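These are the residues of each chain, in order.
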Amino acid sequence: MEVIAIQKSVLDGMKNELKALLELTENATLKYTSIFKEEKWLDNQEVCLMMDITKRTLQTYKDKGLLPYSKLNRKNYYKRSDVQALLEAHQP
């Protein structure tokens, strides 16, 4: 095990910088939390189950612009209201 000694003032400075970074991160994500709280978001699997379609059909809906989506960390999410609207529009 390697032991590294640093001055207390340097350690306190690092703590303060980490706290500032955490506060910046929390402030940056604050504006998005209300969006996710007021609207239910679904992933690919949930949409396929809800609409009783395959992943390929879901991809076609996305490609044609029939179903809007948002991408977060390489994963697609869909508003439940958009899925409901598409379901209602395609009912006979």
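Residues numbered from 1 in each chain as written. Predicted model: local features only at pLDDT ≥ 70, side-chain atom pairs only at ≥ 80, totals over all residues. Heavy atoms only, no water.

Under the annotation held in an unreviewed UniProt entry, the protein carries the name Helix-turn-helix domain-containing protein and is attributed to Chryseobacterium muglaense.

Participant: Describe the overall build of the protein, and please don't skip the residues or the numbers.
Facilitator: Regarding its fold elements, the protein presents four helices and three strands. Counting helices and strands in the order they occur from the N terminus, the protein gives α-β-α-α-β-β-α. Taking 12 Å as the expected radius of gyration for a compact globule of 92 residues, we find that the protein reaches 22 Å, considerably beyond that expectation. Across its three principal directions, the C-alpha atoms of the protein cover 75 × 30 × 20 Å. Taken over 92 residues, the protein has a buried fraction of 16%. Contacts in the protein between residues at least 24 apart in sequence constitute 51% of all its contacts with a sequence separation of at least 6. Within the structure as shown, the protein displays about 7800 Å² of accessible surface, and the carbon and sulfur contribution to it stands at 55%. Counting 15 positive and 13 negative side-chain charges, the protein places the averaged centre of each group 3 Å from the other. (Helix = DSSP H or I, 4+ residues; strand = E, 2+ residues; numbered from the N terminus. Rg over C-alpha atoms; globule rule 2.2 N^0.38 Å. Buried < 20%, exposed > 50% of the residue type's maximum accessible area, 1.4 Å probe, protein only. Contact = heavy atoms within 4.5 Å. Areas by Shrake-Rupley, 256 points an atom, 1.4 Å probe, with all protein chains shown as cover. Lys, Arg positive; Asp, Glu negative; His and termini not counted. Charge placed at Lys NZ, Arg CZ, Asp CG, Glu CD.)

Participant: Go over the packing of helix α2 (residues 44-51) against helix α3 (residues 55-63), please, and point to the residues and values.
Facilitator: At a closest axis distance of 10 Å, the pairing of α2 and α3 adopts a crossing angle of 100°. Comparing the axis directions of α2 and α3 gives the class roughly perpendicular. Side by side, α2 and α3 meet where Asn44, Val47, Cys48 and Met51 of the first sit next to Lys55, Leu58 and Tyr61 of the second. Split into classes, the residues belonging to the contact of α2 with α3 amount to five nonpolar, one polar and one charged. (Axes fitted to C-alpha atoms, helices over the stretch in contact; angles between N-to-C directions. Parallel < 35°, antiparallel > 145°, perpendicular 65-115°, else oblique. Nonpolar A, V, L, I, M, F, W, Y, C, P; charged D, E, K, R; others polar.)

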